[in-house]
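Each chain, written out:
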Protein chains: 2
Amino acid sequence: MRRLGVLLSGRGSNFEAIARAIGEGRLEAAIAVVISNKAEAAGLETARLMGFSAVAIPSKGVERARHDALVADELERHGVDLVCLAGYMRLLTPALIKRYPERILNIHPSLLPAFPGLDAQKQAWEHGVRVAGCTVHLVNEALDAGPIVMQAAVPVLETDTIESLSHRILAEEHRIYSQAIARVLRGGWRVDGRRIVWE
Amino acid sequence: MRRLGVLLSGRGSNFEAIARAIGEGRLEAAIAVVISNKAEAAGLETARLMGFSAVAIPSKGVERARHDALVADELERHGVDLVCLAGYMRLLTPALIKRYPERILNIHPSLLPAFPGLDAQKQAWEHGVRVAGCTVHLVNEALDAGPIVMQAAVPVLETDTIESLSHRILAEEHRIYSQAIARVLRGGWRVDGRRIVWE
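Below you will find a few notes about this structure.

Parameters and conventions
- Residues numbered from 1 in each chain as written.
- Chains lettered and ligands numbered in written order.
- Predicted model: local features only at pLDDT ≥ 70, side-chain atom pairs only at ≥ 80, totals over all residues.
- Heavy atoms only, no water.
- Helix = DSSP H or I, 4+ residues; strand = E, 2+ residues; numbered from the N terminus.
- Rg over C-alpha atoms; globule rule 2.2 N^0.38 Å.
- Buried < 20%, exposed > 50% of the residue type's maximum accessible area, 1.4 Å probe, protein only.
- Contact = heavy atoms within 4.5 Å.
- Areas by Shrake-Rupley, 256 points an atom, 1.4 Å probe, with all protein chains shown as cover.
- Least-squares fit on C-alpha atoms with pLDDT ≥ 70 in both.
- Salt bridge = Lys/Arg side-chain N within 4 Å of Asp/Glu carboxyl O.
- Polar contact = N/O pair within 3.5 Å; in protein donor to acceptor, adjacent residues only side chain to side chain.
- Axes fitted to C-alpha atoms, helices over the stretch in contact; angles between N-to-C directions.
- Parallel < 35°, antiparallel > 145°, perpendicular 65-115°, else oblique.
- Left-handed = near helix turned anticlockwise from the far one by under 90°.
- Nonpolar A, V, L, I, M, F, W, Y, C, P; charged D, E, K, R; others polar.
- Pairing = 2+ DSSP bridges.
- Core = buried A, V, L, I, M, F, W, Y, C linked by side-chain atoms within 4.5 Å.
- Arc of directions from axis to C-beta.

Quick notes on the overall build of chain A
Item 1. Scanning chain A from N- to C-terminus turns up six helices and nine strands.
Item 2. Against the compact-globule benchmark of 16 Å for 199 residues, chain A has a radius of gyration of 16 Å, which places it among compact chains.
Item 3. Viewed in the frame of its principal axes, chain A has a C-alpha envelope of about 50 × 40 × 35 Å.
Item 4. When each of the 199 residues of chain A is scored for burial, the buried share is 54%.
Item 5. Pairs at least 24 residues apart make up 62% of the contacts formed inside chain A by residues separated by at least 6 positions.
Item 6. Accessible surface, chain A: about 8,700 Å² in total, of which carbon and sulfur atoms supply 53%.

Right, dumping it as structure tokens:
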């Protein structure tokens, strides 16, 4: 059974969706540990209540390299095969990425390469797109720019607000993240330039 | 009946799709004239065979401002209300755009703002996106950056080539362009910044 490490900073609704997919037999994997850089993250408490190992490694006032080394050590201690960022509001250091080469996933609430960075749903809405969506990608050292594993599109309705659009995107995030994890764990792919080639 | 002017440089398959939509009663409008900057454009011959006014205004060796003035004059002569670019491989001059403010549409084979410019399908494929698509937008002076009227998404399959992907996108172009034209003609919208606001 492949072991997932989940990193989160907030509510962790994508973490809950992954746990649900495992619980319902849609994803064959085990959540080995949930780590947050914020001790007060609601997702950490949820993880505890669900019976998972939940670890706070506070980042505040800690040097980035030092913090990421602690995170990587914790992931290794739990024998993590694949790291899943789920609303983890920090850029990873190259050193951490090198310890999990092509084994860190992130989910981003836009159809990348459009609208990287913060408030992607708002960026999309203000741009006036009529199709929005979300992206699961491998994490590399560039912000929201690693090779794309899976994407889902949603319509932007004429009556939408940023909130209603964000809600629709989030539902798709919850749907595709566990599918993308399963696809990555199944193997039969390699990274070629910035594409994933499916074999 | 609102009158459309179609500009094309090549095969004009999007022009044919518009003509089909009108013929099948899915779009209430009339094609007033089809203009090409290339006398040998296959789309011009198709237009003639279908019984439309088809006019070549060769651009080769003609100064841009002069050429666009001739095009605008021809559009006006045919009482055109809305200009539809259908594979028209030229940037419009500001003077032409000013003569049809918010009344020029283009279709682009990507989910803008991703992949503007030439070979958008290839750009998307090489980027490794898993969702591609097409965009109908109002034409302003920036390349492929006018306010978005309509978009359609298509999946990128693991087995796709650039060709199979382009084919899938083109089918959606043919589907949405006439829908977008109908939506624009129906009114009840205004441009706010770079968004279209639907009232």
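We are not done yet, so read on.
A look at the relation of the copies chain B and chain A
Item 1. With an RMSD of 0.0 Å, the operation that places chain B on chain A is a rotation of 180° combined with a shift of 0.0 Å along the axis. Both chain copies can therefore be described as sitting about a two-fold axis. Among all residues of chain B, the minimum C-alpha distance to the rotation axis is found for Ala114(B), at 2.7 Å.
Item 2. Counting the interface residues of chain B, we find that 100% of their copies in chain A are interface residues as well, pointing to one common contact surface.

Brief notes about the interface of chain B and chain A
Item 1. Facing 23 residues of chain B, the contacting portion of chain A comprises 23 residues.
Item 2. Its salt-bridge partner being Arg183(A), residue Glu158(B) comes within 2.7 Å of it at the nearest N-O pair.
Item 3. Linking chain B with chain A are 12 residue pairs in polar contact (both at pLDDT 80 or more).
Item 4. Looking at the side of chain B that touches chain A, the elements that each hand over two or more residues are helix H5 (120–127), strand E7 (148–155) and strand E9 (195–198) of chain B.
Item 5. Here the side of chain B that touches chain A gets six residues from one element, more than from any other, and that element is E7(B).

Re the packing of helix H1 (residues 13–23) of chain A against helix H6 (residues 162–186) of chain A
Residues and elements named next belong to chain A.
Item 1. Their axes nearest at 9 Å, the elements H1 and H6 cross at an angle of 50°. As summarised for this structure, H1 and H6 are arranged oblique, according to the angle between their axes. For H1 against H6, the interelement crossing comes out right-handed. Each of Ser13, Asn14, Ala17, Ile18 and Ala21 in H1 lies in contact with H6, whose residues at this interface are Leu170, Glu173, His174, Tyr177, Ser178 and Ile181.
Item 2. Classifying every residue of the contact of H1 with H6 gives six nonpolar, four polar and one charged.

Section: the sheet that holds strand E4 (residues 82–85) of chain A
All names here are of chain A.
Item 1. The sheet built from seven strands is open, its strands ordered E3-E2-E1-E4-E5-E6-E7 with mixed pairing. In the strand order of this sheet, the two ends are held by strand E3 (54–56) and strand E7 (148–155), each with one partner. Ignoring strand direction, the axes of neighbouring strands in this sheet form an average angle of 20°.
Item 2. The strands touched by helix H3 (residues 64–77) within the sheet are strand E1 (3–8), strand E2 (30–36), E3 and E4, with E2 carrying the most contacts at an inclination of about 160°.

What about the pattern of salt bridges?
Item 1. Tallied over the entire structure, the rule returns 22 salt bridges over all chains.
Item 2. In this structure, Glu45(A) engages Arg48(A) in a salt bridge whose closest nitrogen and oxygen atoms are separated by 3.2 Å. A residue pair is termed a helical-turn pair when its members lie 3 or 4 positions apart in one helix, as Glu45(A) and Arg48(A) do in helix H2 (residues 42–49) at three residues.
Item 3. Between Glu74(B) and Arg77(B) there is a salt bridge whose closest N-O contact spans 2.5 Å. With Glu74(B) and Arg77(B) both in helix H3 (residues 64–77) and three residues apart, the pair spans about one turn of that helix.
Item 4. Among the charged side chains, a network of salt bridges with common partners joins Asp73(A), Glu76(A) and Arg99(A).

Regarding the side chain of His108(B)
Item 1. By the element assignment, His108(B) lies in strand E5 (residues 104–108).
Item 2. Those residues in contact with His108(B) that sit more than four places away from it in its chain are Phe115(B), Pro116(B), Gly117(B), Ala120(B), Cys134(B), Thr135(B), His137(B) and Asp144(B).

Side note on the nonpolar core
Item 1. Ranked by size, the top nonpolar core spans 93 residues in total, and within it Val149(A), Ile181(A), Val149(B) and Ile181(B) carry the most contacts.
Item 2. If near-sequence neighbours (up to four positions away) are discounted, Val149(B) is found in contact with Arg130(A), Leu105(B), Val136(B), His137(B), Leu138(B), Ala180(B), Val184(B), Ile196(B) and Trp198(B).

Some remarks on H2(A)
Within an α-helix, residues lying three or four positions from one another point in the same direction, as the helix has 3.6 residues per turn.
Residue and element names in this part refer to chain A.
Item 1. All of the buried residues along H2 are Gly43, Leu44, Thr46 and Ala47. End-on, the buried residues of H2 take up no more than an arc of 160°, which puts them together on one face.
Item 2. Along its buried surface, H2 packs onto E1, H1, E2 and E3.

Considerations on the packing of H5(B) against helix H6 (residues 162–186) of chain B
Relative placement of two packed helices is described by the angle separating their axes and the distance separating the axes.
Residue and element names in this part refer to chain B.
Item 1. Across the interface, H5 lies against H6 with an axial gap of 10 Å and an inter-helix angle of 125°. Taken together, H5 and H6 sit at an angle that is classed as oblique. Note that H5 runs across H6; the crossing there is right-handed. Between H5 and H6, the contacting residues are Gln121, Lys122 and Trp125 on the first element and Ile162, Leu165, Ser166 and Ile169 on the second.
Item 2. Split by residue class, the contact of H5 with H6 holds four nonpolar, two polar and one charged.

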